[in-house]
2 protein chains.
Amino acid sequence: MSTRAERVCTQLRDSIIRGDHIAGSRLNEVDLAAEFGVSRTPIRAALSELASEGLLDYMPNAGYSVRTYSAQQMLGIFEARAALEGLATRQAVENGVTEAQRALMQRAIDETEAVLSRRRWEADVTVFWSHINTWFHGAILEAAHNDHLAWLLRKSRSIPLVYSSMFRRFDLNRIAKAHEEHVTILEAITQRQAVRAESLAREHIYKAGLFVVERMREHEMQAAHAAAMARADGSAPPQPVAP
Amino acid sequence: MSTRAERVCTQLRDSIIRGDHIAGSRLNEVDLAAEFGVSRTPIRAALSELASEGLLDYMPNAGYSVRTYSAQQMLGIFEARAALEGLATRQAVENGVTEAQRALMQRAIDETEAVLSRRRWEADVTVFWSHINTWFHGAILEAAHNDHLAWLLRKSRSIPLVYSSMFRRFDLNRIAKAHEEHVTILEAITQRQAVRAESLAREHIYKAGLFVVERMREHEMQAAHAAAMARADGSAPPQPVAP
DNA sequence: GAGCAGTGTAATGTATACACGATCGCGAGA
DNA sequence: TCTCGCGATCGTGTATACATTACACTGCTC
């Protein structure tokens, strides 16, 4: 990471995923330049990159804004991602996973089990789970030996992160469920059951999508309710949601 | 299309797909700026966009170069695309296609039939087929109502174009085969057979991929043979293939 | 002769000034 | 009072100059 544009891009991506910018808000290039202590040129390069990743919207002569996704759209993202992760899992089985890749997946499973059974304590379960998940699916993707698939999945994984980071912490129940699915997927992979592994992986992601979408719908309902209450009070709604 | 960056981007994309630049060659920003009669700024914006589309490679401090794909990588692209087009077709059936969408697909089929049976004459069958194909799959994608899926597919469709444009014209046999597959897919969609439609669409794209990859392998063999002959002659090989 | 260091050149990365377009507010007229 | 139009202002689009990096070539040393 040598150029300023790259540094800005990384920091901005993190801050967007962290939820620092309110959804739909416009990003002013001059302000960002001042904030990062660089000129507008690397800022524009970073914004262009983030727009290509789907985190920002770009309108000619109107600049960049934080992209928002409806629950419906998020479901579509997870459905696409499910198809791709399913394919990756099948290709991993067909190519054969290396011992190192299998070991990494096993380690992800073991560590999750340790945390779930309270044999081990983690300060932030959300961060922990995020890492574990990355290991597990990263190993599968690596075994798939399909660069384009990896590229498409990278573009499909970062967007949901924006929204799942909105929930303070993952439900322990949800993690336990996902953990069981991981175990089953690894079992299918180990037994070289390509079609079964594909179906399981696809369903695994789809379930995760349903969970996120459910949370988003709850959130939207609460927001709508709060807005209605505010209107009834005659006061201004607390925060603009969309531009 | 108002900004210069957009115009440059469109023109450059077309020229890359047309195969104007030799594979792997580096794109000099100053030269491009002179060629398009603009400054380096919109050139850099266009290059950044094309890199995000997968048509160019970017290396910090080393600029952009025309990306090359091996036959193996191309197969991976088509495998991913097959999974996505399959998903799109299934979602189209599940959502239900409108009469207009069905009519467009039917029209694509009818016009192809007219050309194949010589009832109609087309100057450039490759261009004709390209349009027909776009109609057909575009209608399905529209019916799928999945923005992210559409976005991923856009990124997966343009890359093979670079290589399929290398073959002077599509085989009429290949078009006839693909046509039959289109007929079967539309039949499955009309009868609301979601799973069958998904399988057929997936296989349809996979077959197209095998065709392109086969041509690429032939091409690679020829190139390797020519290079070997040139080396035997003691003269320099005709063209550098990769950087 | 081989290897390494230093320098020069060409290309990219960045800063900055200016041009253009969009948007908002104010005022005039119906 | 409402609407239309015009100008002011803010922000993005573009050009250009400068900084910095990478690479190749040359000359020196071992």
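As a starting point, this report considers the structure included with it. Counting from 1, residues in each chain are numbered in the order their sequence is written. Written order decides the labels, with chains lettered from A and ligands numbered from 1. In keeping with the model being predicted, local features are shown solely for residues with a pLDDT of at least 70 and side-chain atom pairs are shown and tallied solely at 80 or more, while totals for entire chains, interfaces and linings include all residues. Water and hydrogen atoms were dropped before computing side-chain values, which therefore reflect all heavy atoms in the structure.

## Description of the state of the cysteines
By definition, disulfides here are pairs of cysteine sulfur atoms that lie within 2.5 Å. With the rule as written, the count across this model stands at zero disulfides over all chains. A:Cys9 takes part in no disulfide bond, and the closest cysteine sulfur, belonging to B:Cys9, lies 18 Å away. Think of it in three bands: residues with accessible area under 20% of the maximum for their type are buried, residues over 50% are exposed, and the middle band is partly exposed, with areas taken using a 1.4 Å probe on protein chains only. Exposure remark for B:Cys9: the relative accessible area of 7% places this residue in the buried category.

## A short note on the protein's contact with DNA strand D
Near DNA strand D, the surroundings consist of 21 residues, among which A:Arg44, A:Tyr58, B:Arg4, B:Ser39 and B:Thr41 are the closest. We call a residue near a given molecule or strand whenever any one of its heavy atoms falls within 4 Å of it. Here the atoms of DNA strand D within 4 Å of the protein split so that 70% fall in sugar or phosphate, with bases taking the remainder. Between a phosphate oxygen of DNA strand D and a main-chain N or O atom of A:Leu27, the distance comes to 3.4 Å. A distance of 2.7 Å separates a base nitrogen of DNA strand D from a polar side-chain atom of B:Thr41. Under this definition, polar contacts are N or O atom pairs within 3.5 Å; protein pairs additionally need one hydrogen-donor-capable and one acceptor-capable atom, and for neighbouring residues in sequence, both atoms have to be side-chain atoms.

## A word on the protein's contact with DNA strand C
Near DNA strand C there are 19 residues, and of these A:Arg4, A:Ser39, A:Thr41, B:Arg44 and B:Tyr58 occur at the shortest range. For DNA strand C, the backbone portion of the atoms within 4 Å of the protein, that is sugar and phosphate, comes to 67%. Between DNA strand C and B:Glu29 there is a distance of 3.3 Å, counted from a phosphate oxygen to a backbone nitrogen or oxygen. Sorting the residues of the surface near DNA strand C by element identifies helix H1 (4-18) and helix H3 (40-52) of chain A together with strand S1 (26-27) and helix H3 (40-52) of chain B as the ones contributing at least two each. Residue contributions to the surface near DNA strand C peak at three residues, all from H3(A). Residues of the surface near DNA strand C, tallied by class, amount to six nonpolar, seven polar and six charged. Helix numbers and strand numbers start at the N terminus; a helix is a DSSP run of H or I with at least 4 residues, a strand a run of E with at least 2. The residue classification treats Ala, Val, Leu, Ile, Met, Phe, Trp, Tyr, Cys and Pro as nonpolar and Asp, Glu, Lys and Arg as charged. All others, Gly included, are polar.

## Observations regarding the pairing of strand S3 (residues 63-66) of chain A
All names here are of chain A. Paired strands are those between which DSSP finds at least two bridges. Sheet topology note: the strand S1 (residues 26-27)/S3 ladder contains two bridges and is antiparallel. Residue pairing across strands places Arg26 opposite Ser65, the latter belonging to S3. Two strands pair when backbone bridges link them, and strand S2 (residues 56-59) and S3 are joined in this way by four bridges, in the antiparallel orientation. When the sheet's bridge partners are listed, Leu56 is paired in S3 with Val66. The turn joining S2 and S3, which pair antiparallel and follow one another in sequence, is formed by three residues; a positive phi near 65 degrees is taken by Asn61.

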